[in-house]
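# Structural characterization, general
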Amino acid sequence: DVAAAAGRLTQKQLRGLEAGESAALELDGETITYLPEDLTVEREVTSDWIVKTEGPYVVALDPALDDALRHEGFAREVVNRVQRLRKEAGYEYTTRIHLWIDGEAAALDALRPHIAFIEEETLARCLELGARAVEADVEQEMEIDGRKVVLGVRRYEDRSSV
């Protein structure tokens, strides 16, 4: 009966037990006191969320991806691939570049909201979206997340001061 009565503990009492406090219940006119070492509090997830608990702390993440998150991930992968092209071209980490990105309309549409991020992360002083490289140091066609793109890089030359 005492074990079955533990199922009547409230959320507040259960959190208290996790925090090291005792909890009391009435059972047949008698007060039963549960100590933290008497019970193990287990949480059951009833959704697709990823949940991790550690004592009184709970972290829950919604693993669902919407289009905005997918596009952001795509932009981050493009940055990763551009960084590889920079390395292949033999650039120093401070070298400014001219960057061209061409590909399927869906790929270009996904990248448009992230142009500033791509420029900042790759040190691109000029980014041409929807165009192929002119005299690129390195150009490569690839598939990223099922989308075909062509990336081209060239060392940036500031011709405005010439």
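Above this text you will find the structure in question.
This section reports on the structure supplied with the text. Values in this document were obtained by computation on a predicted structure and should not be read as measured data.

Analysis parameters
Residues numbered from 1 in each chain as written. Predicted model: local features only at pLDDT ≥ 70, side-chain atom pairs only at ≥ 80, totals over all residues. Heavy atoms only, no water. Helix = DSSP H or I, 4+ residues; strand = E, 2+ residues; numbered from the N terminus. Buried < 20%, exposed > 50% of the residue type's maximum accessible area, 1.4 Å probe, protein only. Contact = heavy atoms within 4.5 Å. Areas by Shrake-Rupley, 256 points an atom, 1.4 Å probe, with all protein chains shown as cover. Phe/Tyr/Trp six-rings, centres within 6.5 Å; stacked < 30°, edge-to-face > 60°. Lys NZ or Arg CZ within 6 Å of the ring centre and 35° of its normal. Core = buried A, V, L, I, M, F, W, Y, C linked by side-chain atoms within 4.5 Å. Pairing = 2+ DSSP bridges. Axes fitted to C-alpha atoms, helices over the stretch in contact; angles between N-to-C directions. Patch = residues over 30% accessible without salt bridge, like charges linked within 9 Å, V, L, I, M, F, W, Y side chains within 5 Å. Salt bridge = Lys/Arg side-chain N within 4 Å of Asp/Glu carboxyl O.

### Let's talk about the overall build of the chain
- Broken down by element type, the chain carries 5 helices and 8 strands.
- Going residue by residue from the N terminus, the α and β elements of the chain occur as α-α-β-β-β-β-α-β-α-α-β-β-β.
- For the chain, the spread of C-alpha atoms along the three principal axes comes to 90 × 30 × 25 Å.
- Burial analysis of the chain (162 residues in total) assigns 29% to the buried set.
- A separation of at least 24 residues holds for 56% of the contacts in the chain among residues at least 6 apart in sequence.
- Counting every atom, the chain has about 10,900 Å² of accessible surface; 46% of that belongs to carbon and sulfur.

### Some remarks on the packing of aromatic side chains
- Scanning the entire structure with this criterion turns up 0 aromatic pairs.
- For the cation-ring pair, Arg147 lies above Phe74, with the distance from its terminal atom to the ring centre recorded as 4.6 Å.

### Re the nonpolar core
- In terms of nonpolar packing, the biggest core is built from 23 residues, with Phe74, Val78, Leu99, Ile101, Ile118, Leu151 and Val153 touching the most fellow members.
- Elements with a contribution of two residues or more to this core: α3 (67–89), β5 (97–103), α4 (105–111), β6 (124–129), β7 (138–144) and β8 (147–155).
- Sort the elements by how many residues they give to this core and α3 lands first, with 6 residues.
- Those residues in contact with Val78 that lie beyond four places of it in its chain are Ile101, Leu111, Ile144 and Leu151.
- Membership of the second largest hydrophobic core comes to 9 residues, among which are Leu9, Leu17, Ala23 and Leu27.

### As for the sheet that holds β5
- A sheet is described by the order of its strands in space; here 4 strands give the open sequence β6-β5-β8-β7, paired in mixed fashion. Here the strands that pair on one side only, and so sit at the sheet edges, are β6 and β7. Averaged over neighbouring strand pairs, the angle between their axes works out to 20 degrees when direction is ignored.
- One ladder, built from 7 bridges, connects β7 with β8; its direction is antiparallel.

### A closer look at a nonpolar patch on the surface
- Taken together, the side chains of Trp49, Val51 and Val58 make up a nonpolar region of the molecular surface, amounting to roughly 250 Å² of accessible area.
- Tracing the chain through its elements places Val51 in strand β3 (residues 50–54).

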